[in-house]
Amino acid sequence: MSHQGLPISEDETLKGEFRDYCIGGVLALLLTMLAFALVAWNIFESWNRLISLSLLAIIQVIVHFRYFLHIDLRKSHRDELQLILFTGLILFLMAGGTVWILWNLHFRML
Amino acid sequence: MSSRHPGINLGDTDPATHQVAESVVFGFWIFLMSDLVLFALLFATYAATSQHGLAGGPTPSDIFDLKSPFIETMLLLVSSFTFGMASLALKYRQDRGRLLLWLLVTFALGAGFVAMEINDFVRMAGDGQTPQQSAYLSSFFALVGTHGLHVSAGLIWLVIMVIQLFVFGLTQQVKMRLMRLAIFWHMLDVVWVCIFTFVYLFGVSQ
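A quick note: this is a predicted structure, and the numbers were derived from the prediction, not measured.

1. Notes on the overall build of chain B
Right, on to step 1. What chain B contains, in helices and strands, is 6 helices and 0 strands.
Right, on to step 2. With the principal axes as the frame, chain B shows a C-alpha extent of 60 × 35 × 25 Å.
Right, on to step 3. Residues classed as buried in chain B amount to 60% of the 206 residues present.
Right, on to step 4. The averaged location of the 12 negative side-chain charges in chain B is 13 Å from the averaged location of its 10 positive side-chain charges.

Next up, the structure:
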């Protein structure tokens, strides 16, 4: 009998959750090694490398959210997910906007 | 109404605590999101000054090597995993000894991270790379230092939780505090992923 509000389909077991942490740990480890390898062995030219590094970081952040913080696309997780996405939007506007404006300013002042 | 929260959910293993934890953990999640906004602005400042705030001082590629950020990254990553093991011990085993063991391993890894970071900062200061040198170095120490302070706060929190485990045992309050510490700790690792990528790896690449 499942607890009130907890869907039966979410079969949380020690084995299942242990496997999740292991998957997350291994994926994070691989992504980290890959990112450091790109730089250590000078793989790719400047811009390609920066873009690859950014993509690896974004994937790793998603891995951490999924496997360590247990945020996924299940309906019962929507509140947290919406909060993350909204925060992501704010971060994008503030951090991206700052960098954009300062680059622009730098370009015009030269 | 949502019945799940970020981090480990006690669910059926402790339904009473699970029900109370829901709003408490969600509130803490909101704090963490606002903390991310703080980090994002430090990142934006860093990005801007690393290009045009050098003031004739050292450039990013002058001050970084890959070795110590790599070891620091590994320490923090493994500590995130060991905290996961602590969460599982909390949820399934109700076993204080096992939980304490994983918490202590996490503490050791986190302390190793902070010690390496302090060592890096001292070495940089010895080379004259202080925050006073340039806007770039100010923003570097502000960003990486803020993260280091968060990890240090997490370590203090860990010690307090270990003491509380001895004094109170695995009560509902202690469980909920550990669950919040867990998501705090995992979130710091997420921030560090951005730091090692955009500060260290980008810095060495330029």
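2. Some details on the overall build of chain A
Right, on to step 1. Regarding its fold elements, chain A presents 3 helices and 0 strands.
Right, on to step 2. Looking at the 110 residues of chain A, the share that counts as buried comes to 39%.
Right, on to step 3. Within chain A, counting contacts between residues at least 6 apart in sequence, those at least 24 apart form 48% of the total.
Right, on to step 4. Accessible surface, chain A: about 7300 Å² in total, of which carbon and sulfur atoms supply 73%.

3. Quick look at a nonpolar patch on the surface
Residues and elements named next belong to chain A.
Right, on to step 1. Together, Trp47, Ile51, Leu55, Ile58, Ile59 and Ile62 make up an exposed nonpolar region whose accessible area comes to about 650 Å².
Right, on to step 2. Relative to the assigned elements, Ile59 resides in helix α2 (residues 46-68).
Right, on to step 3. Among the residues examined, Ile59 registers a relative accessible area of 42% and is labelled partly exposed.

4. Brief notes about the interface of chain A and chain B
Frequently, the measure chosen for interface size is the accessible area that the parts lose on association.
Right, on to step 1. Contact with chain A, which involves 53 residues of that partner, is made by 55 residues of chain B.
Right, on to step 2. Here chain A and chain B share an interface that buries about 4800 Å² over both sides, 76% of which is from carbon and sulfur atoms.
Right, on to step 3. On the chain A side of the interface with chain B, the three residues burying the most area are Tyr21(A), Phe36(A) and Leu69(A), jointly 14% of the side's total.
Right, on to step 4. The interface formed by chain A and chain B contains 1 salt bridge.
Right, on to step 5. With a closest N to O distance of 2.7 Å, Lys91(B) and Glu17(A) form a salt bridge.
Right, on to step 6. Counting every contact that joins chain A to chain B gives 4 residue pairs in polar contact (both at pLDDT 80 or more).
Right, on to step 7. The set of elements that each furnish at least two residues to the side of chain A that touches chain B consists of α1 (14-40), α2 and α3 (78-109) of chain A.
Right, on to step 8. When its residues are assigned to classes, the side of chain A that touches chain B shows 30 nonpolar, 16 polar and 7 charged.

5. Structural notes on the pattern of salt bridges
Residue and element names in this part refer to chain A.
Right, on to step 1. For the coordinates displayed, the defined rule picks out 4 salt bridges over all chains.
Right, on to step 2. Where Arg66 meets Asp20, a salt bridge forms, and the shortest distance between an N and an O atom there is 3.7 Å. Of this pair, Arg66 sits in helix α2 while Asp20 sits in helix α1, placing them 46 residues apart in sequence.
Right, on to step 3. Its relative accessible area of 28% is what places Arg66 among the partly exposed residues.
Right, on to step 4. Among the residues examined, Asp20 registers a relative accessible area of 18% and is labelled buried.

6. A word on the packing of helix α4 (residues 96-126) of chain B against helix α5 (residues 135-167) of chain B
Residue and element names in this part refer to chain B.
Right, on to step 1. Taken N-terminus to C-terminus, the directions of α4 and α5 make an angle of 155°; their axes are 10 Å apart at the nearest point. Judged by the inter-axis angle, α4 sits roughly antiparallel to α5. Viewed along their axes, α4 and α5 form a crossing whose handedness is left-handed.

7. Quick look at the nonpolar core
Right, on to step 1. The biggest cluster of nonpolar side chains holds 89 residues, and the ones touching the most others in it are Phe65(A), Trp29(B), Leu103(B), Phe140(B), Met187(B), Ile195(B) and Val199(B).
Right, on to step 2. Broken down by secondary-structure element, the contributors of at least two residues to this core are α1, α2 and α3 of chain A together with α1 (15-52), α3 (67-93), α4, α5 and α6 (172-205) of chain B.
Right, on to step 3. The dominant element in this core, judged by the number of residues it contributes, is α6(B), at 22 residues.
Right, on to step 4. Not counting the four nearest positions on each side in its chain, Ile195(B) is found in contact with Phe43(B), Leu143(B), Val144(B), His147(B) and Tyr200(B).

8. Notes on the packing of α1(A) against α2(A)
Residue and element names in this part refer to chain A.
Right, on to step 1. Where α1 meets α2, the closest approach of the two axes is 9 Å, and the angle between their N-to-C directions is 165°. Considering the angle they form, α1 stands roughly antiparallel to α2. Judged by the twist between their axes, the crossing of α1 over α2 is left-handed.

Rules used throughout
Residues numbered from 1 in each chain as written. Chains lettered and ligands numbered in written order. Predicted model: local features only at pLDDT ≥ 70, side-chain atom pairs only at ≥ 80, totals over all residues. Heavy atoms only, no water. Helix = DSSP H or I, 4+ residues; strand = E, 2+ residues; numbered from the N terminus. Buried < 20%, exposed > 50% of the residue type's maximum accessible area, 1.4 Å probe, protein only. Lys, Arg positive; Asp, Glu negative; His and termini not counted. Charge placed at Lys NZ, Arg CZ, Asp CG, Glu CD. Contact = heavy atoms within 4.5 Å. Areas by Shrake-Rupley, 256 points an atom, 1.4 Å probe, with all protein chains shown as cover. Patch = residues over 30% accessible without salt bridge, like charges linked within 9 Å, V, L, I, M, F, W, Y side chains within 5 Å. Salt bridge = Lys/Arg side-chain N within 4 Å of Asp/Glu carboxyl O. Buried area = accessible area lost by both parts, 1.4 Å probe. Polar contact = N/O pair within 3.5 Å; in protein donor to acceptor, adjacent residues only side chain to side chain. Nonpolar A, V, L, I, M, F, W, Y, C, P; charged D, E, K, R; others polar. Axes fitted to C-alpha atoms, helices over the stretch in contact; angles between N-to-C directions. Parallel < 35°, antiparallel > 145°, perpendicular 65-115°, else oblique. Left-handed = near helix turned anticlockwise from the far one by under 90°. Core = buried A, V, L, I, M, F, W, Y, C linked by side-chain atoms within 4.5 Å.

Everything listed here is a matter of coordinates, which is why it stays silent on function.
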